[in-house]
Amino acid sequence: MNNQKPYQPATAVTAWVLANLNLSSPYGRKALKTLRPARSQDREHLENSLDELTVLIDFCRQNREFGQKAHGIFRQLRNIAGSVLNLQEELVPDETELFEIKLFAMQLCEMAALVNNSDLKLTSILFEDLKPLVRLLNPDEMIVSSFYLHESYSTELKNIRNEKRLLENQILAATDPHLADQLRHQRSELVRCEREQEYQIRKTLGQQLKPWLQHLNKSMNMFGHFELLLAKAEAAVTWPSCRPRISESEMPLQAVEAINPQMYEILKVQGKEFTPVTLEVIRGTTLITGANMGGKSVALMTIATNAELVRLGFFAFAAEFSMPLFDYIYLIAGDGQNQAVGLSSFGAEMMQLKELTELTRQGSGLAVFDEFARSTNPYEGRRFVQALGEFMQQSDLHGVIATHYDGIDLPRAVCYQVVGLKNKNIILPDSTDSRALIDNLCANMDYRLRKLDGHSEVPHDALHIATLLDADPRFLSLLKKLYN
Amino acid sequence: MPDRLTELVADCNCLAIIGTEKNAGKTTVLNHLLATDRRPGQAITSIGYDGENVDQVTGTDKPVIYVGRGTLVATANDLIGQCDFTRELVRFTNLYTPLGEVVILRALSDGYAQIAGPSTTGQMAILTRMLQQEKAGRIIIDGAAARKSTAAVTTADGCILATGASYSPDPEKVVEHTTHIAALLTLPAAKNLPDVIKQAYQKVENQVANDMGARQAADCMLVDGNENIIITGNSLEDSTAELIATHSSKPLCVYFTGAITARLVQKLLERSRELRDLKLIAADGTRFLLSATQLSELKRRGVQLLVIKPVNLLAVTVNPWSPEGFYLDSNSLCARLKTVLSVEVFDIMADKATSKVL
């Protein structure tokens, strides 16, 4: 069961979010490994887990220290799956195995107490009562976090140990090396008896543990489920987020002020702010046009990531977010070129398109195309995009294409355009350092998307952007001649 | 009754026992200390695997470690079954050795211990911290040969060097070798260390807490008289010796984050005559992997060998028996060592207290 491959996220940002979840226990990491996106028929299940997540998020917002305490327990957890498996196979447990099972049972009791003593009420989080198991492995009155094969398990063991102790005292006091040797010999015989007794006790404990194995298995899964849920809640608290609304399959995906958490963090470090994306992706085709460096790719990635995370049971990172429960999300970003298998980026796109058409037979989906057919000639490229738009209108896809190609004519499509440069007469910064040039450009770019009433329009800003990036003057003058 | 050696190391919170060679009697010293000072809550561990019944290198009998009840023993999971004291499992450490995870045990009776502890400095630092959290009164680290004992001396605040007949049947050679190892261990601390070196040292020391394995390409740093870094290099490359030789006409400090190897020093000696303005600096004495000839030649040419954290060498112990079965005259060997070493010298085999536990 551990050989199951983890889910391969469709977008790099989803992968980033998953990789940055606060999961410290082996069980939480396993839960992530077995996490699978919901499909259209799982709607009820997804709604239920979103209910749970909503409760936990509200609770976490009000009880900041709860998460820290829970993580304190998660961090200590060891993977006892091997020990449990050995017990299932009726192997006699050794001391370390008994020790780690005892620790696990104590940690579960601790977590159960933490949750039960709080106001947190979640229907999916239910801890087994492992106190009797702790007592089995800790026959003393006082519960301690260490383990030893206690004398109270057997009178014979107690007698042997007492006798051994007396001998050890004699060895210590012996001045005659001969006598000491003799005593040591006697001691080694007692050690043999002690081991035999201990073996019997371990064997008995192994048998007594058998009925507990199913509880231990359940508890391991419970720890994993809870840690992953808590990690999702913490992600929702870290970034602006909302509970996604799941709509019927013909409805559009509607994102209001959606963010891309990875980009959000990168910009935060630089002291900048992410411009949230507001966009509606209808069933059929949605087109996005806009200036180079206008954030089209980021907008697409933001939408695709949020849709994917919703399917994985996360809150959407947006002010409002609704979408049908897609069966798949497919991203074609034109960067799939793989020279090792002889594929150019154009070739890769065509192969991916074939894969996508296979998927369309399996249900409804969200397909995202960043500059489709960008690397072929514009004469043909435009036709490829036109055909793709028509193709998506005919299929039951929610498709969104970012493109540079002019003259795409799709009557039923929704068209957006990046607002673009705020001011067409920007002055170059004093410094020609590339960072300063990019910063200057970013500061003057309005990344918001504007919904167009009619057809898509492609702004001709490339020359402008090149100027702002301080392209070589000789090159620019040659270029400008061609524009005239 | 505590003897002089036991008294000498009594105040040490973390003691490392290292040897000039294998079979130099480290374990005998450890047993001696455990028998003469049965303070409660003492902790023992080792660098890697030692304490085996039969020495894995030479095939000779080795004394096993006999611990008193109450002793904390940090050893690898696979060896727990071979420890014969009644025990309590106190803590898992998450530190792994080829023999499994290191587990902290408490001996509830006296008995024989098989010990395999961590082998890197970073892991040893973590382990000693855990032992202190478990209220260890004093920690004794059973080390290895000196040059492999970086992890022990870095962590410890005191150190015993065990030497003996296992090195050579010629007592003069034993004396010479022991003096050399002791000289390296007790190299003096560098005064007025340039800030850039301090920073580099801190960085490396903090790094080892996580991972010692990843060696950086540049592991030595040339610093001029104005405390500016001239260049960094890789000590495994011969060109680095060239660099040092080129810059050594003016005051120069060279700091090594890892070891200073015999090869590098050889190349350096071949390429230069006068080295009066050169200081070679490393974290501690175990990092200088030089022969006695090289050491004296470096000194003759005026090189200063300095460390950042000096080793507190408390005593030298002598094992007159060699694994091949011959015996050196302990009295004269000890007497010879006393004349050349600045620390006290003991023959613990001659001490009656030891015979009880062997």
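Visitor: Got a minute to help me understand the overall build of chain A in this structure?
Guide: Secondary structure summary: chain A contains 17 helices and ten strands in total. For the C-alpha atoms alone, the extent of chain A along its principal axes is close to 110 × 50 × 50 Å. When the 484 residues of chain A are sorted by exposure, 36% land in the buried category. The contacts of chain A with a sequence gap of at least 6 include a subset with a gap of at least 24, amounting to 76%.

Visitor: I keep staring at the domain arrangement of chain A and nothing clicks. Help me out?
Guide: Frequently, the measure chosen for interface size is the accessible area removed from exposure when the parts meet. All names here are of chain A. Under the domain assignment used here, chain A contains domain 1 (1–238) and domain 2 (240–483). A separation of 48 Å is found between the C-alpha centroids of domain 1 and domain 2. Between domain 1 and domain 2, the residue contacts involve 23 residues of the former and 24 residues of the latter. Elements that contribute at least two residues to the side of domain 1 that touches domain 2 include exactly α1 (12–19), α3 (43–62) and α10 (213–238). The element that contributes the greatest number of residues to the side of domain 1 that touches domain 2 is α3, accounting for eight residues. Residues that form the side of domain 1 that touches domain 2 fall into these classes: 14 nonpolar, five polar and four charged.

Visitor: Where do I start with the domain arrangement of chain B in this structure?
Guide: Here chain B is partitioned into domain 1 (4–186 + 311–355) and domain 2 (195–307). Centre-to-centre separation of domain 1 of chain B and domain 2 of chain B, based on C-alpha positions: 30 Å.

Visitor: Where do I start with the environment of His 150 of chain A in this structure?
Guide: Residues and elements named next belong to chain A. Note that His 150 resides in the loop between α7 (131–137) and α8 (155–173). The spacing of His 150 and Arg 187 is 37 residues in sequence and 20 Å in space, taken between C-alpha atoms. If sequence neighbours within four positions are ignored, His 150 has contacts with Pro 139 and Asp 140.

Visitor: What exactly am I supposed to notice about helix α13 (residues 345–360) of chain A here?
Guide: Every α-helix carries 3.6 residues per turn, so stepping three or four residues along brings you back to the same face. All names here are of chain A. Under the 1.5 Å per step criterion, the end-to-end length of α13 is 22 Å for 16 residues, consistent within 8% with the ideal 22 Å. For α13, the complete set of buried residues consists of Glu 349, Gln 352 and Leu 356. Relative to the axis of α13, the buried residues are bounded by an arc of 70° and lie together on one face. Seen from the open side of α13, the exposed residues pointing more than 90 degrees away from its buried face are Lys 354, Glu 355, Thr 357 and Glu 358. Against the buried residues of α13 lie β6 (328–332) and β7 (365–370).

Visitor: Would you mind showing me how to read the pairing of strand β11 (residues 158–164) of chain B here?
Guide: One face of the sheet, then the other: side chains in a regular strand alternate in exactly this way. Residues and elements named next belong to chain B. The buried fraction of β11 amounts to seven of the seven residues, a majority that puts the element mostly inside the structure. One ladder, built from five bridges, connects strand β1 (residues 14–19) with β11; its direction is parallel. Bridging across to β11, Gly 19 finds its partner in Ala 162. Where β11 and strand β19 (residues 313–319) come together, six bridges link them in parallel fashion. Residue pairing in the sheet places Ala 162 in a bridge with Thr 317 of β19.

Visitor: Help me understand the environment of Leu 421 of chain A, please; the structure alone is not making it clear to me.
Guide: Residue and element names in this part refer to chain A. Mapped onto the secondary structure, Leu 421 falls in strand β9 (residues 414–421). In sequence terms Leu 421 and Tyr 328 are 93 residues apart; their C-alpha atoms lie 35 Å from each other. With residues near it in sequence (within four places) discarded, Leu 421 still touches Ala 291, Asn 444, Met 445, Asp 461 and His 464.

Visitor: Is there a simple way to think about the packing of helix α5 (residues 171–185) of chain B against helix α10 (residues 330–340) of chain B in this case?
Guide: In helix packing, the relevant descriptors are the interaxial angle and the interaxial distance, both defined with respect to the helix axes. Residues and elements named next belong to chain B. For the pair α5 and α10, the least separation of the axes is 10 Å and the interaxial angle reads 35°. Crossing hand, α5 versus α10: right-handed. In contact with Pro 171, Val 174, Val 175, Thr 178 and Thr 179 of α5, α10 contributes Ser 332, Leu 333, Arg 336, Leu 337 and Val 340.

Visitor: Explain the interface of chain B and chain A here, please?
Guide: Contacts between the two partners involve 15 residues from chain B and, on the opposite side, 16 residues from chain A. Ranked by residue count, the leading element in the side of chain B that touches chain A is strand β6 (residues 87–97) of chain B, at five residues. For the side of chain B that touches chain A, the class distribution of residues is six nonpolar, four polar and five charged.

Visitor: I tried to follow the confidence of the model for chain A on my own but got confused; where do I start?
Guide: Interpretation of this model should avoid reading the predicted coordinates in detail wherever pLDDT is low. Per-residue confidence for chain A gives a mean pLDDT of 89, with 95% of residues at or over 70. At the low end of the mean pLDDT range in chain A sits helix α15 (residues 434–443) of chain A, at 77; at the high end sits strand β5 (residues 320–324) of chain A, at 97.

Visitor: What is the right way to look at the packing of helix α2 (residues 26–33) of chain A against α10 of chain A in this model?
Guide: Residues and elements named next belong to chain A. The contact between α2 and α10 brings their axes to 7 Å, and the two run at 75°. Compared by their axis directions, α2 and α10 come out roughly perpendicular. Note on element contacts: α10 touches α2 through Met 220, Phe 223, Gly 224, His 225, Glu 227, Leu 228 and Ala 231, opposite Tyr 27, Gly 28, Lys 30, Ala 31 and Leu 32. In terms of residue class, the contact of α2 with α10 is made up of seven nonpolar, three polar and two charged.

Visitor: Any chance you could explain the sheet that holds β5 of chain A here in plain terms?
Guide: Either a parallel or an antiparallel arrangement is found when strands of a sheet pair, and the pairing is made through backbone hydrogen bonds. Residues and elements named next belong to chain A. Ordered in space as β1-β5-β2-β3, the four strands form an open sheet in which the pairing is mixed. At either end of the open sheet lies a strand with only one pairing partner, and these are β1 (245–247) and β3 (277–281). Averaged over all neighbouring strand pairs, the angle between strand axes comes to 20°, with direction disregarded. As defined by bridge partners, strand β2 (residues 253–258) adjoins β5 across three bridges and the pair is classed as antiparallel. Looking at the pairing, Val 256 lines up with Glu 320 of β5. Across the sheet, helix α12 (residues 296–311) is in contact with β2, β3 and β5; its angle to β2 comes to roughly 115°.

Visitor: Could you clarify how one ought to interpret the pairing of β3 of chain A in this entry?
Guide: All names here are of chain A. Side chains Val 277, Leu 279 and Val 281 of β3 all project onto a buried face; the interleaved residues Thr 278 and Glu 280 project onto a face where none is buried. Sheet topology note: the β2/β3 ladder contains four bridges and is antiparallel. Its bridge partner lying in β3, Ala 255 is registered against Leu 279.

Visitor: Quick question: what am I supposed to make of unusual backbone geometry here?
Guide: Of all residues except glycine, most have a negative phi; of all peptide bonds, most are trans. The backbone of Glu 257 of chain A shows a phi angle near 50°, a positive value even though the residue is not glycine. Note on placement: Glu 257 of chain A falls in strand β2. In this model, Glu 227 of chain B sits at a positive phi of 65°, which is unusual for a non-glycine residue. Along the polypeptide, Glu 227 of chain B turns up in the loop between β12 (220–224) and β13 (229–233). You can call Glu 227 of chain B partly exposed: it has 13 C-beta atoms within 10 Å.

Visitor: Could you clarify how one ought to interpret the sheet that holds β12 of chain B in this entry?
Guide: All names here are of chain B. In space, the five strands of this open sheet follow the order β13-β12-β14-β16-β18, with mixed pairing throughout. Looking at strand neighbours, the two that pair on one side only are β13 and β18 (304–307), the edges of this open sheet. For this sheet, the mean inter-axis angle between neighbouring strands, taken without regard to orientation, is 20°.

Visitor: Can you walk me through α3 of chain A in this structure?
Guide: Residue and element names in this part refer to chain A. Over its 20 residues, α3 runs 29 Å from end to end, which matches the ideal 28 Å to within 8%, given 1.5 Å per residue. Of the positions making up α3, those classed as buried are Leu 46, Leu 50, Leu 53, Leu 56 and Ile 57. Buried residues of α3, seen end-on, are gathered within an arc of 130° and therefore sit on one face of the element. Of the exposed residues in α3, those oriented more than 90 degrees away from the buried face are Glu 44 and Gln 62.

Visitor: Can you walk me through the confidence of the model for chain B in this structure?
Guide: All names here are of chain B. Summarising the model, chain B shows a mean pLDDT of 84, and 89% of its residues fall at 70 or more. Mean pLDDT values over the elements of chain B span from 40, in helix α11 (residues 352–355), up to 96, in strand β7 (residues 100–107). Contacts from residues 209–214, a stretch scored under 50 in pLDDT, to residues over four places away or in other chains number eight contacts.

Visitor: Got a minute to help me understand the environment of Asp 439 of chain A in this structure?
Guide: With respect to the secondary-structure elements, Asp 439 of chain A resides in helix α15. C-alpha of Asp 439 of chain A to C-alpha of Phe 74 of chain A: the two residues are 365 residues apart in sequence and 42 Å apart in space.

About the cut-offs
- Residues numbered from 1 in each chain as written.
- Chains lettered and ligands numbered in written order.
- Predicted model: local features only at pLDDT ≥ 70, side-chain atom pairs only at ≥ 80, totals over all residues.
- Helix = DSSP H or I, 4+ residues; strand = E, 2+ residues; numbered from the N terminus.
- Buried ≥ 20, exposed ≤ 12 C-beta atoms within 10 Å, placed from the backbone.
- Contact = placed C-beta atoms within 7 Å.
- Domains from an automatic or database assignment.
- Nonpolar A, V, L, I, M, F, W, Y, C, P; charged D, E, K, R; others polar.
- Expected span 1.5 Å × (residues − 1).
- Arc of directions from axis to C-beta.
- Pairing = 2+ DSSP bridges.
- Axes fitted to C-alpha atoms, helices over the stretch in contact; angles between N-to-C directions.
- Left-handed = near helix turned anticlockwise from the far one by under 90°.
- pLDDT = per-residue confidence, 0-100.
- Parallel < 35°, antiparallel > 145°, perpendicular 65-115°, else oblique.

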